[in-house]
Amino acid sequence: MSERDPLFSKKNLKLISDPINNSNPITVQVLGICSALAVTAQLKPAVVMSLSVIAVLALANVIISLLRNTIPNRIRIIVQLVIIAALVILVDQILKAFVYDVSKELSVFVGLIITNCILMGRIEAFALGNKPWQSFLDGIGNGAGYGAILIIIAFFRELLGSGSVYGFKIVPDSWYITNGGFYSNNGMMILPPMALITVGIIIWVQRSRNSKLIED
Amino acid sequence: MKALRNFFEKTKPYVQKGAKYHWLHSTHDGFFTLFFVQKDTSESGTHIHDYSDLKRTMSIVVLSLVPAILFGMYNTGLQHYKAIGELASTGFFEIFLYGLLKVIPVIAVSYIVGLGIEFAFAQMRGHDVNEGFLVSGILIPLVMPIETPLWMIAVATAFAVIFGKEVFGGTGMNIWNPALIARAFLFFAYPAHMSGDSVWIPLDGAAKLVDGFSGATPLADAAAGNINFSIADAFFGFIPGSIGETSTLAILLGAILLIVTGIGSWKIMVSVAGGGLFMGVLLNIFAVNPFMELPFWQHLILGGFAFGAVFMATDPVSATQTEKGKWIYGFLIGVIAILFRVLNPAYPEGMMLAILLMNTFAPLVDHYIVQSNIKRRLKRAGVSA
């Protein structure tokens, strides 16, 4: 990359758009699956979780990228962990201060961002070998790719499992069998196995539409 | 019949490769072979085929299910009139007709949804339509409670066909029994409509019920420590339960046909029963509550045990393939089913989960049987592996 590369050159924008589709961390690289199953029963925690991961990933990428020439190679993992952990604690404190109930719902999973494979993956594979600005864009892109999948999963799980979207009731009360109607929420949608199947469906749809991902 | 055949023969050129309606090829072929044996000969490869192809196998299984289906219809009516206290004043045909009208929609929904998806997938992939769903389509209604809403059955059937079968590559590729996938899906998705004591007997909003009516199955009663069912009723099937599972006698008739024609593996059926009996005896020995004291052999005539052993566990695709493996597979199904049934209060019947669990492990069992065989033969030949 030359010095005069403009901030939003085609190459740089690709750092954001690629992870959203062609090399999506969840559906293509299959990283960060555990939190994708755990926090997607409702849309709200999924949105908050996505924003947290975007923030931590972008900042961690920038900091590691700034330090990349000074971190001794042998202890780089522990240095990365310290930085990520510090950022995660910051995010956790902010969530507790401003959106307390969501933070309670997310419980341990915000803390577990530290062990999210996407973070280590991007830092090892990208930030250690690239400049801060590119690393920042890469962090935003991968975080957004992760968040997009989380939000899609959570949308369907909340709609079918609880009959609501982002906490607002969508299915009218009179439809339910208990009120004399015919409808009933699908209890399996709020169980983790169905989240995994939803991820599978997304992978299926994506692979059959995206010609770059079709394997022979 | 002749007119139908002529129709199929005449329309055939239009759906050949390159012809105008080629996209309808698999639909045409599917219906043609369903009604008639085609005169086509192989163009390459194997030229001699067994007459008993997939279609004939499937029809035998459906035939062996007929006693259970007919009895299920009768029992549906019987339980209804018993519950509203008009059994004595109702004739046999009236009872049967009531059940018939209740059961037919369930079967129709299962077939229409399942076959629709199957044809769509075959069409999309350019495969021939095959008959795998003929059996699943009738098994799905038989393992459902009669009062399950039809749209739930449609959703479950769609789920079972797409995620139980098509994602693995269609008939013959599935890991689990599709009919049980449908049941398991409903069981976890809509538990209120799959278990409890209000789904087994159609009441049609009847105002007056007989005194002491509970609506629970004998198995649920037994799990609650309240064992009162007549052994004859349980064996002949005059008890509440899923549509096809109640009559052990009707299931045994089907089992005889399956064993005589060699389509169902008798080894699996026997070993499932053996496993169930073994676990029953064990529980009897260490019994601490009335349900554990239930005589071990009575487990075989309650709930879905017999139905699962004869029609579900023997599914040749999801069961083990090796002969020795069949004994292990069946025995473990029996053991686990009774274990779940008696010791886990969350699941009144363990047969479904036991079979699905062992379906999962069937390839592993086969693997070790094959490996041990290879090792033994290597040893015999004096070659160190």
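Residues numbered from 1 in each chain as written. Chains lettered and ligands numbered in written order. Predicted model: local features only at pLDDT ≥ 70, side-chain atom pairs only at ≥ 80, totals over all residues.

Caption draft 1: Spotlight on the overall build of chain B. A tally of regular secondary structure across chain B gives 15 helices and zero strands. The globule rule puts the C-alpha radius of gyration for 385 residues at 21 Å, and the 23 Å found for chain B is close to it. Expressed along its principal axes, the backbone C-alpha trace of chain B runs to roughly 70 × 65 × 35 Å. Looking at chain B as a whole, 43% of its 385 residues qualify as buried. Partitioning the contacts of chain B with sequence separation of at least 6, the portion at a separation of at least 24 is 71%. (Helix = DSSP H or I, 4+ residues; strand = E, 2+ residues; numbered from the N terminus. Rg over C-alpha atoms; globule rule 2.2 N^0.38 Å. Buried ≥ 20, exposed ≤ 12 C-beta atoms within 10 Å, placed from the backbone. Contact = placed C-beta atoms within 7 Å.)

Caption draft 2: Molecular detail of the overall build of chain A. Each helix and strand in chain A was counted, giving nine helices and two strands. When the helices and strands of chain A are listed from N to C terminus, the series reads α-α-α-α-α-α-α-α-β-β-α. Counting only C-alpha atoms and orienting by the principal axes, one finds that chain A spans roughly 70 × 45 × 30 Å.

Caption draft 3: Broad picture of the interface of chain B and chain A. Taken together, the contact between chain B and chain A spans eight residues of the former and seven residues of the latter. Considering each element in turn, the side of chain B that touches chain A owes the most residues, three residues, to helix 7 (residues 178-189) of chain B. Residues belonging to the side of chain B that touches chain A are distributed by class as follows: seven nonpolar, one polar and no charged. (Nonpolar A, V, L, I, M, F, W, Y, C, P; charged D, E, K, R; others polar.)

Caption draft 4: Spotlight on the environment of Leu213(A). Residues and elements named next belong to chain A. As for its placement among the helices and strands, Leu-213 is situated in the segment after helix 9 (192-209). Overall, Leu-213 belongs to the partly exposed group, with 16 C-beta atoms counted inside 10 Å. Taking C-alpha positions, Leu-213 is 9.1 Å from Ser-23, a pair spaced 190 residues apart along the chain. If we skip the residues at most four places from it in the chain, Leu-213 touches Val-28, Gln-206 and Arg-207.

Caption draft 5: Summary view of the nonpolar core. Within the largest apolar cluster, 137 residues are counted, with the highest numbers of intra-cluster contacts made by Val56(A), Ala60(A) and Phe185(B). Other than its neighbours up to four places away in sequence, Val56(A) contacts Ile84(A), Leu87(A), Val88(A), Val91(A), Ile113(A) and Leu119(A). (Core = buried A, V, L, I, M, F, W, Y, C linked by C-beta atoms within 7 Å.)

Caption draft 6: Structural context of the packing of helix 3 (residues 54-83) of chain B against helix 10 (residues 248-260) of chain B. All names here are of chain B. The contact between helix 3 and helix 10 brings their axes to 8 Å, and the two run at 170°. By the angle between their directions, the pair helix 3 and helix 10 is classed as roughly antiparallel. Judged by residue contacts, Ile-60, Leu-63, Ser-64, Leu-65, Pro-67, Ala-68 and Phe-71 of helix 3 engage Ala-250, Ile-251, Leu-253, Gly-254, Leu-257 and Leu-258 from helix 10. Residues that form the contact of helix 3 with helix 10 fall into these classes: 11 nonpolar, two polar and no charged. (Axes fitted to C-alpha atoms, helices over the stretch in contact; angles between N-to-C directions. Parallel < 35°, antiparallel > 145°, perpendicular 65-115°, else oblique.)

Caption draft 7: Examining the packing of helix 8 (residues 132-162) of chain A against helix 9 of chain A more closely. Residues and elements named next belong to chain A. Between helix 8 and helix 9, the shortest axis-to-axis distance is 10 Å and the interhelical angle comes to 120°. Judged on the interaxial angle alone, helix 9 and helix 8 are oblique. Two packed elements cross with a definite hand, and for helix 8 against helix 9 that hand is right-handed. Counting all contacts with helix 8, which are made through Ile-149, Ile-152, Ile-153, Phe-156 and Arg-157, the residues of helix 9 involved are Ala-195, Thr-198, Val-199 and Ile-202. Taken together, the residues that form the contact of helix 8 with helix 9 break down as seven nonpolar, one polar and one charged. (Left-handed = near helix turned anticlockwise from the far one by under 90°.)

Caption draft 8: Spatial organisation of the domain arrangement of chain B. Residues and elements named next belong to chain B. Split into domains, chain B comes out as domain 1 (2-35) and domain 2 (54-373). The straight-line distance from the C-alpha centre of domain 1 to that of domain 2 is 36 Å. The interface is formed by six residues belonging to domain 1 together with seven residues belonging to domain 2. When the residues that make up the side of domain 1 that touches domain 2 are grouped by side-chain class, the tally is one nonpolar, four polar and one charged. (Domains from an automatic or database assignment.)

Caption draft 9: How the structure looks around the environment of Arg56(B). Residue and element names in this part refer to chain B. Along the chain, Arg-56 turns up in helix 3. In this structure Arg-56 comes out as partly exposed when scored by C-beta crowding, with 15 C-beta atoms within 10 Å. Along the chain, Arg-56 and Ala-381 lie 325 residues apart, while their C-alpha atoms are 42 Å from each other.

Caption draft 10: Focus on helix 11 (residues 266-285) of chain B. All names here are of chain B. Between its first and last C-alpha atoms helix 11 spans 28 Å; for 20 residues at 1.5 Å apiece the expected length is 28 Å, and the two agree. All of the buried residues in helix 11 are Ile-268, Met-269, Ser-271, Val-272, Ala-273, Gly-275, Gly-276, Met-279, Gly-280 and Leu-283. Residues of helix 11 that are buried in the fold lie against helix 10, helix 12 (290-293), helix 13 (305-312) and helix 14 (323-343). (Expected span 1.5 Å × (residues − 1).)

Caption draft 11: Just the environment of Leu186(B), in detail. Here Leu186(B) is to be found in helix 7. If we skip the residues at most four places from it in the chain, Leu186(B) touches Thr148(B), Met152(B), Ala156(B) and Met194(B).

Caption draft 12: Up close: helix 13 of chain B. Buried residues dominate helix 13 of chain B, accounting for eight of its eight residues. Inspection of helix 13 of chain B places Phe305(B), Ala306(B), Phe307(B), Gly308(B), Ala309(B), Val310(B), Phe311(B) and Met312(B) among the buried residues, and these make up the whole buried set.

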